[in-house]
Amino acid sequence: MTIDSVRGAPDTTEAAEPELVQLLTPEGERVEHPDYPLDLSAEEVRDLYRDLVIVRRIDLESVALTRQGELGIWASLLGQEAAQIGSGRALTEHDMVFPTYREHGVAWCRNVEPLNLLGLFRGVNHGGWDPAEHGFHLYTIVIGSQTLHATGYAMGVQRDGVLGTPSAGATIAYFGDGATSQGDVNESFVFASVFNAPIVFFCQNNQWAISEPLERQTRIPLYKRAQGFGFPGLRVDGNDVFACLAVTRKALENARTGQGPTLIEAFTYRMGAHTTTDDPTRYRLKAEEEAWKLKDPIERVKSYLVRNDLADSGFFDKVEDEAKQLSRELREACLALPDPDPMTMFDHVYAERHPLMTEEQEQFAAYLASFEEESK
């Protein structure tokens, strides 16, 4: 008896590639979709291209810093730039983001300093940015838990009675395909559905939950799970920044106007390792990665700009130089980050002092003092 015979072979009666929303082909050709119109100026397209290039450069520099021992770990977004920039640029100032640990592109869109991201993974701060100021919560390491936080936040906005007003904000929760198997995510779907919460669930389906392929997570396309919970779901080309922008913009507007939650499955691919502690060559084929390189989110926007005479070589050189300069400055700033006083780890654990924490703080202080006594 084989493993597949025990767990059941996947249902192959459905088409392998369900319909997905696409506005820009891998060759850089613009296509229209009746439900998701998008009118962008040449400047707006160039800005999106700049975003994509810069966040990729930040990501590559961070991977290099980790390999050189300057960061403890890093979760690369390589290949997922369009999903993050497209959805991130759909947000308004009143919206709130609940990220995982990979949303570096969304952080860029919310004006979070890249150095603060590196500080977290270097172990010198707990995040370093104010969620309220940026509309971007701290990174969440526990898989899927942020979806419940986001749903609760959205229900709070709903109860504030601001939906439909100019100051109304929607909530967006990011997670990966692997997180859809977590109880927290499914519980958040239940709450969001029955309370009609103003939230968008944005799943970046990058095909691999660490080493587990998508077929080990689900037998149907992930976006169809929304139907079982009673709200709409759709699949978008996650390597198409135009489509991600248009789809997310509409879903957020639906949330703000009281039409409830939406599940967006951004169909993309994780080109790098899950984190810098992972070796993807142990569980996936090189040919798979090469096939997805042809769908690169940056190259298709570049092709669109060139095809329509919206940018010249000078523009592309300028963006590349800017990205290189930012990465150099980021590296220098990262290496200059001071190590914090170890005792400061207790400063912001609770709003008020807690007896158990005070006891642990005193024990830790005595532990540190013991090293000073030994050196005398």
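As the structure is a computational prediction, the values presented were derived from the model and not from experiment.

With that settled, the discussion passes to the environment of Leu71. In this structure, Leu71 sits in the loop between α2 (42–67) and α3 (81–88). Owing to a relative accessible area of 5%, Leu71 belongs among the buried residues under this scheme. Measuring from C-alpha to C-alpha, the distance between Leu71 and Leu120 comes to 8.8 Å, with 49 residues separating the pair along the chain. Residues in contact with Leu71, not counting those within four places in the same chain, are Ser62, Leu65, Thr66, Leu118, Phe121, Arg122 and Cys334.

It is worth spelling out the layout of surface pockets at this point. Any empty space left between atoms is shown by rolling a water-sized probe over those atoms. Size it by volume and the second largest pocket reaches roughly 330 Å³. Looking at the second largest pocket, it is lined by 22 residues, and the ones nearest its centre are Tyr101, Ile143, Gly176, Ala179 and His274. Secondary structure elements with two or more residues in the lining of the second largest pocket: β2 (171–176) and β4 (208–209).

Time to look at a negative patch on the surface. Judged by side-chain charge, Asp39, Glu43, Glu44 and Asp47 come together as a negatively charged surface patch. Of note, Asp39 is situated in the loop between α1 (3–7) and α2. Relative accessible area serves as the criterion here: at 73%, Asp39 is assigned to the exposed category.

Time to look at the domain arrangement of the protein chain. Taken as a whole, the protein chain is organised into domain 1 (11–340) and domain 2 (344–375). For domain 1 versus domain 2, the distance between C-alpha centres works out to 38 Å.

The contact between α2 and helix α12 (residues 297–307) brings their axes to 10 Å, and the two run at 150°. If you check the angle between α2 and α12, you find them roughly antiparallel. Where α2 crosses over α12, the handedness of that crossing is left-handed. Contact residues: α2 offers Val45, Arg46, Tyr49, Leu52, Val53 and Arg56, while α12 offers Pro297, Ile298, Val301, Lys302, Tyr304 and Leu305. Across the contact of α2 with α12, the residue classes break down as nine nonpolar, no polar and three charged.

Definitions and limits used
- Residues numbered from 1 in each chain as written.
- Predicted model: local features only at pLDDT ≥ 70, side-chain atom pairs only at ≥ 80, totals over all residues.
- Heavy atoms only, no water.
- Helix = DSSP H or I, 4+ residues; strand = E, 2+ residues; numbered from the N terminus.
- Buried < 20%, exposed > 50% of the residue type's maximum accessible area, 1.4 Å probe, protein only.
- Contact = heavy atoms within 4.5 Å.
- 1 Å grid on protein atoms, 1.4 Å probe; cavity = no way out; pocket = protein on both sides within 12 Å on 5 of 7 lines; lining within 4 Å.
- Points joined across faces, edges and corners; volume = space filled by probe spheres on them.
- Patch = residues over 30% accessible without salt bridge, like charges linked within 9 Å, V, L, I, M, F, W, Y side chains within 5 Å.
- Areas by Shrake-Rupley, 256 points an atom, 1.4 Å probe, with all protein chains shown as cover.
- Salt bridge = Lys/Arg side-chain N within 4 Å of Asp/Glu carboxyl O.
- Lys, Arg positive; Asp, Glu negative; His and termini not counted.
- Charge placed at Lys NZ, Arg CZ, Asp CG, Glu CD.
- Domains from an automatic or database assignment.
- Axes fitted to C-alpha atoms, helices over the stretch in contact; angles between N-to-C directions.
- Parallel < 35°, antiparallel > 145°, perpendicular 65-115°, else oblique.
- Left-handed = near helix turned anticlockwise from the far one by under 90°.
- Nonpolar A, V, L, I, M, F, W, Y, C, P; charged D, E, K, R; others polar.

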